[in-house]
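# Structure assessment
What follows is the residue order along each chain.
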Amino acid sequence: MAVINFGSINIDHVYQVDHFVQPGETIGSSHYQMLLGGKGANQSIALSKAGSDVKHVGRINNHDAQFKQTMIKHGIDCKFVVCSDTPTGHAIIQVTPSAENAIVLFGGANQEITHKDVLHALDSASDDDWVLTQNETSGIEDVLVQAKQKGLKVAFNPAPMTESVAKLPHECIDLLIVNEVEASEIAGVSDLNEMEKYFRRDWPHAEVLITLGKAGVRMLRKDETIDVPAFVVEALDTTAAGDTFIGFFLSAYTKLQDAAQSLTRACAASALAVTRVGAAQSIPDAQEVDNFIAKQTN
């Protein structure tokens, strides 16, 4: 079983700042890094580190092929990653001492995934494969429709949230993964219990996972409501914490089908990620997560 991830590949320009820059203000940065990022690439790396077979579908500029090689070194099958003349997607990320981040995103080559790319990647899919996608690439509706026509399970993380999400064929989604802000925008309410009522009424075909930051996570699964608390750690950088959570959850859930155990494992991986600076390089491996959980339960 594999996870086929139609996802972004970005170059992250990360700046450590005292506070987020304000209109008309120029501030200095105490540290700068250029790193592999993008929600798609981060989630693929997290899936691979968690032990899943991952096939990534995406696009990148010819001159940035070293980032594709970085993904391959992480154990990701990149035969569906196409190099082109279009600039690679990138993000300008500000990170404050309190570990909060603000991001400016440029789509670039991520917006050139075509119908042909989708069909090619799904052509050899097995019946038990999962498809994962976010909201940073082109072709999302096509991915959802084609995956469901092949009878594949589909997980969707609508980040960043845009108006286009409302127009997607929601009936093609088996697992919706959102944070509290995204869930509020979709449901049109801010109270968590009201969100749950909305999703149970309007998304009865899908399981819904709502991450709640320091408050943990809630999963709506059939007739169950599963709440799992977050682990308490000292956060340094929250970049890629959500992507780490998604990768480790989906890896565990597609193998174990034990929701509570998968959620706990994902919370542990995310907790480790926020104690480290950066995106992809902050993602722990499976053994680190095992060790962390063992320490928490002793």
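Scroll up a little and you will see the structure.
Residues numbered from 1 in each chain as written. Predicted model: local features only at pLDDT ≥ 70, side-chain atom pairs only at ≥ 80, totals over all residues. Heavy atoms only, no water.

## Some details on unusual backbone geometry
- Residue P160 is reached from A159 by a cis peptide bond, and omega for that bond is 0°.
- Take P160: it is sitting in the loop between β9 (153-156) and β10 (175-179).
- The phi torsion at A99 lies on the positive side, around 80°, for a residue other than glycine.
- Here A99 shows up in the loop between β6 (89-95) and β7 (101-106).
- Owing to a relative accessible area of 1%, A99 belongs among the buried residues under this scheme.
- With phi around 70°, A240 is a residue other than glycine that occupies positive phi space.
- One can find A240 in the loop between β13 (224-228) and α7 (241-256). (Helix = DSSP H or I, 4+ residues; strand = E, 2+ residues; numbered from the N terminus. Buried < 20%, exposed > 50% of the residue type's maximum accessible area, 1.4 Å probe, protein only.)

## Examining the packing of aromatic side chains
- For the coordinates displayed, the defined rule picks out six aromatic pairs.
- A centroid spacing of 5.1 Å and a plane angle of 75° characterise the contact between Y198 and F199, whose relative ring orientation is edge-to-face. For the pair Y198 and F199, one class covers both residues: buried.
- Residues F199 and W203 carry aromatic rings whose centres are separated by 6.2 Å and whose planes lie at 65° to one another, so their mutual orientation is edge-to-face. (Phe/Tyr/Trp six-rings, centres within 6.5 Å; stacked < 30°, edge-to-face > 60°.)

## A few points about the pattern of salt bridges
- Applying the stated criterion to the full structure yields 12 salt bridges.
- A salt bridge links D174 to K148; the shortest N-O distance between them is 3.0 Å. In this pair, D174 sits in the loop between β9 and β10 while K148 sits in helix α4 (residues 140-149), placing the two residues 26 residues apart along the sequence.
- With a shortest N-O distance of 3.4 Å, R221 and E207 are connected by a salt bridge. Residue R221 is located in strand β12 (residues 217-221), and its partner E207 is located in strand β11 (residues 207-211); the two are separated by 14 residues in the primary sequence. This pair shows no difference in class: R221 is buried, exactly as E207 is.
- Put simply, E196, R200, R218 and D227 are held in one network by salt bridges that share partners. (Salt bridge = Lys/Arg side-chain N within 4 Å of Asp/Glu carboxyl O.)

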